[in-house]
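Chain and residue survey
What follows is each chain in one-letter form.
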Amino acid sequence: MSASLSVVFGSLATTYLFLRFLLYLTQDAKEPPAIVTGIPFFGPLIGMARQKSGYYNQLRDTYKLPIYTLRLPFSRMYIVNATELVPALQKQWRAVSFAAIAADAGNLVGISKKGIEIMHKDLMSEHGFSVSWPKYITPVMSPGKDLDELSRVAIEVFVKELQNLRSQRAVQTGLWQWTNYIMDRSTTEAVWGPENPYRDPVVNQAWKVFEAGFLTLSVFPLAKYVYPHLYRARELAAAAMTDYIHKGGHKTASGLVKKRYEHHRSFGLSDEDIARGELGNTFAVLGSTTPCALWVLYHIFSDDQVLADVRKEVSALVEESTDEDNNIINSIDLAKIRTSCPILQSTFQETLRHRTVTPGARVLLEDVLLDGRILLKKGNMLMLPASVQHTNVSAWGEDAGQFNYLRFAPGPGQKKPNRVAFRAFGGGHVLCPGRHFASTEIMALAALAVLQFDVVPIAGKWVEPTWKNSPVQAGFPIPDEDIKIEFRARDPDKKWRVLFSGADQAMGIVSEDLAVVDG
């Protein structure tokens, strides 16, 4: 037995030393230094699976490097820590590509071979499919009538759902369950319009099954046969969206859907592929906004001071009038929260900073010499993890790891936050075109909730949920267990008139928008 163990341990030691030597031999001196964690090439996979976004934070704090390499089997990942490197990376958007990732995502939703070829053409050109479509939809997602209509429809859903909730006086539910439901309803109605296919609960449930398991479908060979329920869910949702397109549902949808259809058809995508593309776009419009809304509501209602300050600020926008029967009507124009509620906006931004776990993945389409000295090799991944930037002490101060709802509303003489380090919506050429809608939608929901309800934890006190089992692909943590709460209507007989008059200027959420506002 001892001889056998000696052989085993000797083989393991030899293999380990060989892998260390191989890593050293194949690492270019100009590349960011390679960090070896545990078993060479395999250690990072284990670390990322176990710790998710926290893995990058741990390596940053341990090695204190501006940028480093993680060596994986047959590939590399370059992880950026230093905020100072971000502007230089953003200038290299053609070679440091998000468009390539977007094009690859077509496979996940089952787009045809011809469609995939179209999506992969001219990835380094502004005229290529995958590079041009975000810019193509920007006009309808920027302040103006199309964006106002999106926000108005979402708010109409909120008003109807909250009125139903108020009529019941007190309702017990799960905060995640309820947020998931109301954000699904408001967003899909606003985006896909009167023929919204997600109204069908069967389609909606199929989408949720596919959303939870799409990474499994993409990673495992023959997953179609190994995980048939995931494949069936995708195909059911795809069939519903195809029927929606064939019946002309997109013609009465939001400007966003109309523009996407117009762009995709101009490149030769079939209606069937466009429909499947809408599944991919469902990730974009629901994947982050829904869990973000959960955490905004959590941070407001779980802290008495935050709740009091936000409620006071929003209440100041309420105007009283009387109707023809002399009943008092309380009116609020939710467009005003964009310019008149700095504490609510700061709470929203701080939630983004404190909770976002997006990896900021890019693919290198050619070799890049970053900052004139750091070699990034073609064909590998580059990561700009939001959690790393958002917990950077040099950018946010010594309390970077804490939630400070006033961080983005500094008082006189207080230091303003470093906006370059704010990565919740990306940055530079890869800036989320839906940020204005998402911001308005989430803050509108929060404003109505604080005006009309007290939210009380059934357990007697607020306990922050864990998220150890949150999906790797989630942009915000998904709680392991729901937070059981009770909605208690505040003055349930009060009559409300909720308006949204529109806005002609962007909120200063990201540095790029601040430049426009200040300009």
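Figured I'd write up the structure that's included with this text. (Residues numbered from 1 in each chain as written. Predicted model: local features only at pLDDT ≥ 70, side-chain atom pairs only at ≥ 80, totals over all residues. Heavy atoms only, no water.)

1. Digging into helix H7 (residues 129-141)
Taking 1.5 Å of rise per residue, 13 residues should cover 18 Å, and H7 covers 19 Å from first to last C-alpha, within 8% of that figure. Buried within H7 are the following residues: Phe129, Ser130, Val131, Ser132, Trp133, Ile137, Val140 and Met141. Of the surrounding secondary structure, the elements contacted by the buried residues of H7 are helix H5 (99-108), helix H6 (113-120), helix H8 (145-167), helix H13 (255-266), helix H14 (271-286) and helix H21 (435-452). (Helix = DSSP H or I, 4+ residues; strand = E, 2+ residues; numbered from the N terminus. Expected span 1.5 Å × (residues − 1). Buried < 20%, exposed > 50% of the residue type's maximum accessible area, 1.4 Å probe, protein only. Contact = heavy atoms within 4.5 Å.)

2. Considering the sheet that holds strand E6 (residues 328-333)
Read across the sheet, 3 strands follow the order E5-E6-E15 without closing on themselves; strand pairing throughout is mixed. Every interior strand has two partners, whereas the edge strands, strand E5 (319-322) and strand E15 (495-499), have only one. Shown here is a sheet whose adjacent strand axes are inclined to one another by a mean of 30°, direction ignored. Two strands pair when backbone bridges link them, and E5 and E6 are joined in this way by 4 bridges, in the antiparallel orientation. Counted as the bridge partner of Glu320 is Asn330 from E6. (Pairing = 2+ DSSP bridges. Axes fitted to C-alpha atoms, helices over the stretch in contact; angles between N-to-C directions.)

3. Here we look at helix H3 (residues 53-63)
If you check which residues of H3 are buried, you get Ser53, Tyr55, Tyr56, Asn57, Leu59 and Arg60. Looking at the residues trailing H3, positive phi occurs at Lys64, about 50°.

4. A closer look at the pattern of salt bridges
Tallied over the full model, the rule gives 27 salt bridges. One salt bridge in this structure joins Glu235 and Arg276, with 2.6 Å as the shortest N-O distance. Of this pair, Glu235 sits in helix H12 (residues 228-246) while Arg276 sits in helix H14; the two residues are 41 residues apart in sequence, bridging distant segments of the chain. You can call Arg276 buried: its relative accessible area is 15%. Ionic pairing is found between Glu350 and Arg353, a salt bridge with its closest N-O pair at 2.8 Å. (Salt bridge = Lys/Arg side-chain N within 4 Å of Asp/Glu carboxyl O.)

5. Side note on a nonpolar patch on the surface
Together, Ile39, Phe42, Leu45 and Ile46 line one region of the surface with nonpolar side chains, adding up to about 340 Å² of accessible area. Topologically, Leu45 is positioned in helix H2 (residues 43-51). We classify Leu45 as partly exposed; its relative accessible area is 39%. (Patch = residues over 30% accessible without salt bridge, like charges linked within 9 Å, V, L, I, M, F, W, Y side chains within 5 Å. Areas by Shrake-Rupley, 256 points an atom, 1.4 Å probe, with all protein chains shown as cover.)

6. Some points on the nonpolar core
Counting 65 residues, the largest nonpolar core has Ile300, Phe301, Val314, Leu334, Ile337 and Leu344 as its most contacted members. When residues of this core are assigned to their parent elements, the largest contribution, 10 residues, is made by H21. Discounting residues that sit within four places of it in the chain, Phe301 has contacts with Leu307, Arg311, Ala449, Val450, Phe453, Val455 and Trp462. If you look at the next biggest cluster of nonpolar residues, it comprises 51 residues, including Ala100, Ile116, Val131 and Val285. (Core = buried A, V, L, I, M, F, W, Y, C linked by side-chain atoms within 4.5 Å.)

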